[in-house]
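Here are the chains, one letter per residue:
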Amino acid sequence: MAWTLIRFLHLLSVAFFVGGQLMLAAVVAPAIRRHGTDAAMRNVARGFGMGSGVALVVLVVTGVAMASHFDRWGSSVLHAKLTLLVLVGVLLALHVVWPRRRWLSLATLVASLVIVWLGVDLAHG
């Protein structure tokens, strides 16, 4: 039961973090650029940023727990996933400094999607 809860929280956090990025990139940002204001974009970004911070903490905690429990620390797939996680952290920090740089948002999204791919490979590969 406990491992089901840990996996659930991990997947829920992935869904929020990556799904939120997809929604922002595909729907929210284009609509606000066309019809909204800078203040509206800042409010959306602030709200998503707070939720993403919580999601990332949950992802790290549950990921460490699963990697330890399932003895995956030696996995090259996990190493690649962790390297990309550090890259996402750097990209997010840069995005806070330069919020209007679309390439940072897109690079973060692409890296996040690759992390999801690697996670599926790690769990089912």
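Preceding this paragraph is the structure being described.
Below or above, wherever it landed, is the structure these notes cover.

1. Quick word on a nonpolar patch on the surface
No. 1: A contiguous nonpolar surface patch, about 380 Å² in accessible area, is contributed by Val-60, Val-64, Trp-73, Leu-82 and Leu-85.
No. 2: Among the elements of the structure, α2 (38-69) and α3 (76-97) are those that each provide at least two residues to the nonpolar patch.

2. Considerations on the packing of helix α1 (residues 2-35) against α2
No. 1: Two elements in contact, α1 and α2, have axes whose closest approach is 8 Å; the angle formed by their N-to-C orientations is 155°. Considering their axes alone, α1 and α2 lie roughly antiparallel with respect to each other. In this structure, α1 crosses over α2, and the sense of that crossing is left-handed.
No. 2: Along the lines of polarity and charge, the residues of the contact of α1 with α2 split into 20 nonpolar, nine polar and one charged.

3. Focus on the packing of α3 against helix α4 (residues 102-124)
No. 1: Across the interface, α3 lies against α4 with an axial gap of 9 Å and an inter-helix angle of 160°. One finds that α3 runs roughly antiparallel with respect to α4. Two packed elements cross with a definite hand, and for α3 against α4 that hand is left-handed. Only Leu-104, Ser-105, Ala-107, Thr-108, Ala-111, Ser-112, Val-114, Ile-115, Leu-118, Gly-119, Asp-121 and Leu-122 of α4 make contact with α3, whose side of the interface consists of Val-77, Leu-78, Ala-80, Lys-81, Leu-84, Leu-85, Leu-87, Val-88, Leu-91, Leu-92, Leu-94 and His-95.

4. Focus on the pattern of salt bridges
No. 1: Throughout the structure, instances matching the rule amount to one salt bridge.
No. 2: The salt bridge involving Arg-100 is made with Asp-38; its shortest N-O contact spans 2.6 Å. With Arg-100 in the loop between α3 and α4 and Asp-38 in helix α2, this residue pair connects regions lying 62 residues apart in the sequence.
No. 3: Exposure remark for Arg-100: the relative accessible area of 65% places this residue in the exposed category.
No. 4: We classify Asp-38 as partly exposed; its relative accessible area is 43%.

5. A few points about unusual backbone geometry
No. 1: One non-glycine residue, Asp-71, adopts positive backbone phi at about 50°.
No. 2: Along the polypeptide, Asp-71 turns up in the loop between α2 and α3.
No. 3: On the accessibility criterion, Asp-71 (66% relative accessible area) is exposed.

6. Some points on α4
No. 1: The first and last C-alpha atoms of α4 sit 33 Å apart over 23 residues, in line with the 33 Å expected at 1.5 Å per residue.
No. 2: Among the residues of α4, those classed as buried are Leu-104, Thr-108, Leu-109, Ala-111, Ser-112, Ile-115, Leu-118, Gly-119 and Leu-122.

7. Description of the packing of aromatic side chains
No. 1: Here the structure, examined in full by the defined rule, presents two aromatic pairs.
No. 2: Seen in terms of ring centroids, Phe-16 and Phe-48 are 5.7 Å apart; in terms of plane orientation they differ by 25°. Their pairing is stacked. Of the two residues, Phe-16 sits in helix α1 while Phe-48 sits in helix α2, which places them 32 residues apart along the sequence.
No. 3: Judged by relative accessible area, which is 18%, Phe-48 ranks as buried.

8. A closer look at the nonpolar core
No. 1: Within the largest apolar cluster, 14 residues are counted, with the highest numbers of intra-cluster contacts made by Phe-17 and Val-88.
No. 2: Counting only elements with at least two residues in this core, the list comes to α1, α2, α3 and α4.
No. 3: Residue contacts for Val-88: discarding those within four places in its chain leaves Phe-17, Thr-108, Ala-111, Ser-112 and Ile-115.

Rules used in this analysis
Residues numbered from 1 in each chain as written. Predicted model: local features only at pLDDT ≥ 70, side-chain atom pairs only at ≥ 80, totals over all residues. Heavy atoms only, no water. Patch = residues over 30% accessible without salt bridge, like charges linked within 9 Å, V, L, I, M, F, W, Y side chains within 5 Å. Areas by Shrake-Rupley, 256 points an atom, 1.4 Å probe, with all protein chains shown as cover. Salt bridge = Lys/Arg side-chain N within 4 Å of Asp/Glu carboxyl O. Helix = DSSP H or I, 4+ residues; strand = E, 2+ residues; numbered from the N terminus. Axes fitted to C-alpha atoms, helices over the stretch in contact; angles between N-to-C directions. Parallel < 35°, antiparallel > 145°, perpendicular 65-115°, else oblique. Left-handed = near helix turned anticlockwise from the far one by under 90°. Nonpolar A, V, L, I, M, F, W, Y, C, P; charged D, E, K, R; others polar. Contact = heavy atoms within 4.5 Å. Buried < 20%, exposed > 50% of the residue type's maximum accessible area, 1.4 Å probe, protein only. Expected span 1.5 Å × (residues − 1). Phe/Tyr/Trp six-rings, centres within 6.5 Å; stacked < 30°, edge-to-face > 60°. Core = buried A, V, L, I, M, F, W, Y, C linked by side-chain atoms within 4.5 Å.

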